[in-house]
Amino acid sequence: MSAGGRPGAGRRELTCAVLLSLAGAGLALWAATRTWSVELTVRPTPLPPERTTHSGGGLLPWLPALAVVGLAGGGAVLATRGRLRQLLGVLLALLGVAVAVGGGYGLLAGFAGAMNRQWPALCLLGGLMAAAGGLLTALRGRGWPAMGARYERPARVEPAGPVAPPPGPVAGRRTTEAWDALDRGEDPTVS
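Owing to the predicted nature of the structure, the values given are computational and were not obtained by experimental measurement.

J.: Account for the overall build of the protein, with residues named and values stated.
T.: A count of helical and extended segments in the protein gives six helices and three strands. Traced from its N-terminal end to its C-terminal end, the protein shows the element sequence α-β-β-α-α-α-β-α-α. Within the protein, the proportion of its 191 residues that are buried is 32%. Put simply, 66% of the contacts in the protein that link residues at least 6 apart link residues at least 24 apart. With the model as given, the accessible surface of the protein reaches about 11900 Å², and the carbon-plus-sulfur share is 65%.

Structure below.
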């Protein structure tokens, strides 16, 4: 049985958490790169007003960086297991909350000029989605399935006794003798 008491419930929860984290962080990153405010600066009469645009990343430089870390963390949920996965879930939840706070600040702050409120709102939504995925991972992730053993490094097996040389005609010959045989045009592996 898996995490939810039913077969496959853990895999569904894992999929849901990863998709929430990735979609939320991706949405926040996309929204942080859009234009959040437009500022018009009046110049002397013959010149037109100067238009300056500010993206969410320009106004809050840490916002896109946290969203990128959230994207990486959402993918890392698949490669971790147990307590490490739960710790990663806590980190993702905190990152999501920070991104949501940035989006909320963008909604509430009166940046100079005309404000596009849909981008901070989408950033807020993306942060909340990423936080939900991280929270689900932190609470339920320990019992979820992990990557298969084929992705793990094989255990090193120590030999029980002395190691025998490899079978074949080269056994017992010195290395220089093998090179000399090659120089003469002979195959040192054939007796």
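J.: Break down the pattern of salt bridges for me, with residues and values.
T.: Enumeration over the complete set of coordinates arrives at two salt bridges. Across the pair Arg140 and Glu13 runs a salt bridge whose closest N-O atoms are separated by 2.8 Å. Separated by 127 residues along the polypeptide, Arg140 in helix 5 (residues 118-140) and Glu13 in helix 1 (residues 9-32) bring together distant segments of the chain. Residue Arg140 is classed as partly exposed on the basis of its relative accessible area of 33%. The exposure class of Glu13 is buried, given its relative accessible area of 18%. As a salt-bridge pair, Glu186 and Arg184 come within 3.3 Å of each other at their nearest N and O atoms. Judged by relative accessible area, Glu186 falls into the partly exposed class, the value being 41%.

J.: Lay out the nonpolar core in plain terms, naming residues and giving numbers.
T.: Ala28, Ala31, Ala32, Trp36, Leu60, Leu63, Ala67, Val99, Met115, Trp119 and Cys123 form the largest nonpolar core, which has eleven residues in total. Among the elements of the structure, helix 1, helix 3 (62-79) and helix 5 are those that each provide at least two residues to this core. The dominant element in this core, judged by the number of residues it contributes, is helix 1, at three residues.

Cut-offs and rules
Residues numbered from 1 in each chain as written. Predicted model: local features only at pLDDT ≥ 70, side-chain atom pairs only at ≥ 80, totals over all residues. Heavy atoms only, no water. Helix = DSSP H or I, 4+ residues; strand = E, 2+ residues; numbered from the N terminus. Buried < 20%, exposed > 50% of the residue type's maximum accessible area, 1.4 Å probe, protein only. Contact = heavy atoms within 4.5 Å. Areas by Shrake-Rupley, 256 points an atom, 1.4 Å probe, with all protein chains shown as cover. Salt bridge = Lys/Arg side-chain N within 4 Å of Asp/Glu carboxyl O. Core = buried A, V, L, I, M, F, W, Y, C linked by side-chain atoms within 4.5 Å.

Geometry only, nothing functional implied.
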